[in-house]
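Examining the three-dimensional arrangement
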Amino acid sequence: MVLALVQVLVLNHIHILGVATPLLYLLLPVRFDSEQKRWSALAWCFTLGLVVDIFSNTPGMVSCALTFIGLIQPRILRLFVQGDESEICKPSLSVMGWLRYTSYLLVLVLVFCLLFFTLEFFTFFNLLLWIESVVGSTVLTVIILIALAKINDVKS
């Protein structure tokens, strides 16, 4: 719930160049390991999305997109881990390495941003603004998540 509070109280008010918003709450599904039960991941993602929706005035958009990320996260994780690592894998820089972890983050965050901003705009009338929002938020979120992963690896 700390992620939801930080997102709602601080990060939702940051819009770099008017389009890029950091989405810190994506840290939750990104960190699920390969042993995470599917129902548990979906419940956590939906609950976090619902809390963010309630306080951000985004009716159902975050919970929908975050639940979808919780659903596809294990499959995306399997794409970026090697065969012997896929049995029990906690996604991190130290386990996956820079390239694979960054690619993993990029795919998950990009899918989330595509779905979220499509639901938010609900039109392709202003296609340039939609593209700027998706790309800007994806890049900003990936940078923040990599920085947090690096800090976490230094601590451990």
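For the structure itself, look to the data block above.
These notes cover the structure that comes with them. Position numbers for residues start from 1 in each chain and track the written sequence from start to end. Thresholds applied to this predicted model are a pLDDT of at least 70 for local features of residues and 80 or more for the giving and counting of side-chain atom pairs; totals over whole chains, interfaces and linings are not thresholded and use all residues. Just so you know, side-chain values use all the structure's heavy atoms and leave hydrogens and water out.

**A look at the overall build of the protein chain**
The helix count covers DSSP runs of H or I at least four residues long, the strand count covers runs of E at least two residues long, and both are numbered beginning at the N terminus. What the protein chain contains, in helices and strands, is seven helices and zero strands. The linear arrangement of helices and strands in the protein chain, starting from the amino end, is α-α-α-α-α-α-α. It is over C-alpha atoms that the radius of gyration is taken, and the globule rule equals 2.2 Å times the number of residues to the power 0.38. Its C-alpha atoms give the protein chain a radius of gyration of 15 Å, within 12% of the compact-globule value 15 Å for 156 residues. Overall, the protein chain is about 45 × 30 × 30 Å in size when its C-alpha atoms are taken along their principal axes. Counting all 156 residues of the protein chain, 42% fall into the buried class. Long-range contacts, defined here as pairs at least 24 residues apart, represent 64% of the contacts in the protein chain between residues at least 6 apart. For the protein chain, the distance from the average site of its 9 positive side-chain charges to the average site of its 9 negative ones is 4 Å. Using a 1.4 Å probe on the protein chains alone, a residue whose accessible area is under 20% of its type maximum counts as buried, one over 50% counts as exposed, and one in between counts as partly exposed. In what follows, a contact means two residues having at least one pair of non-hydrogen atoms within 4.5 Å. Positive charge is attributed to Lys and Arg, negative charge to Asp and Glu, and no charge count is given to His or to the chain ends. Charge positions come from single atoms, namely NZ of Lys, CZ of Arg, CG of Asp or CD of Glu.

**Some thoughts on the packing of helix α3 (residues 38-56) against helix α4 (residues 61-80)**
As a rule, the C-alpha atoms of each element are fitted with a line to give its axis, helices using only the stretch in contact, and angles between N-to-C directions run from 0 to 180 degrees. With their axes 7 Å apart at the nearest point, α3 and α4 run at an angle of 155 degrees to one another. Taken together, the axes of α3 and α4 lie roughly antiparallel to each other. Crossing handedness for the pair α3 and α4: right-handed. The residues of α4 that touch α3, namely those facing Arg 38, Ala 41, Leu 42, Cys 45, Phe 46, Leu 48, Gly 49, Leu 50, Val 52 and Asp 53, are Met 61, Val 62, Ser 63, Leu 66, Thr 67, Gly 70, Leu 71, Pro 74 and Arg 75. Its residues assigned to classes, the contact of α3 with α4 shows 12 nonpolar, four polar and three charged. Roughly parallel covers angles under 35 degrees, roughly antiparallel covers those over 145, roughly perpendicular covers 65 to 115, and oblique covers all other angles. Helix crossings get a hand from a simple test, with the near helix turned counterclockwise from the far one by less than a right angle marking a left-handed crossing and a clockwise turn marking a right-handed one. Three classes are used, and their members are as follows: Ala, Val, Leu, Ile, Met, Phe, Trp, Tyr, Cys and Pro are nonpolar, Asp, Glu, Lys and Arg are charged, and the others, Gly among them, are polar.

**As for the nonpolar core**
Nonpolar side chains tend to gather and get buried jointly when the protein is soluble and globular. Only buried Ala, Val, Leu, Ile, Met, Phe, Trp, Tyr and Cys residues count toward a nonpolar core, and they belong to the same one when joined by side-chain atoms within 4.5 Å. Counting residues in each nonpolar core, the largest one holds 38 residues, and the members touching the most others are Tyr 25, Leu 26, Tyr 101, Tyr 104 and Phe 112. Counting only elements with at least two residues in this core, the list comes to α3, α4, α5 (93-96), α6 (98-121) and α7 (127-155). Residues contacting Tyr 101, with those up to four places away along its chain left out, are Val 30, Arg 31, Pro 91, Ser 92, Leu 93, Met 96 and Ala 149.

**Describing the packing of aromatic side chains**
Between the rings of Phe, Tyr and Trp (Trp by its six-membered ring), a pair exists once the centres lie within 6.5 Å; its type follows the angle of the planes, with under 30 degrees stacked, over 60 edge-to-face, and the other angles tilted. What the rule picks out here adds up to six aromatic pairs. Judged by centre distance (5.7 Å) and plane angle (75 degrees), the ring pair of Tyr 25 and Phe 112 falls under edge-to-face. Of this pair, Tyr 25 sits in the loop between α1 (2-9) and α2 (27-30) while Phe 112 is found in helix α6, placing the two residues 87 residues apart along the sequence. For Phe 112, a relative accessible area of 0% gives the class buried. Pairwise contacts between aromatic rings join Tyr 25, Phe 112, Phe 116, Phe 117 and Phe 121 into one cluster.

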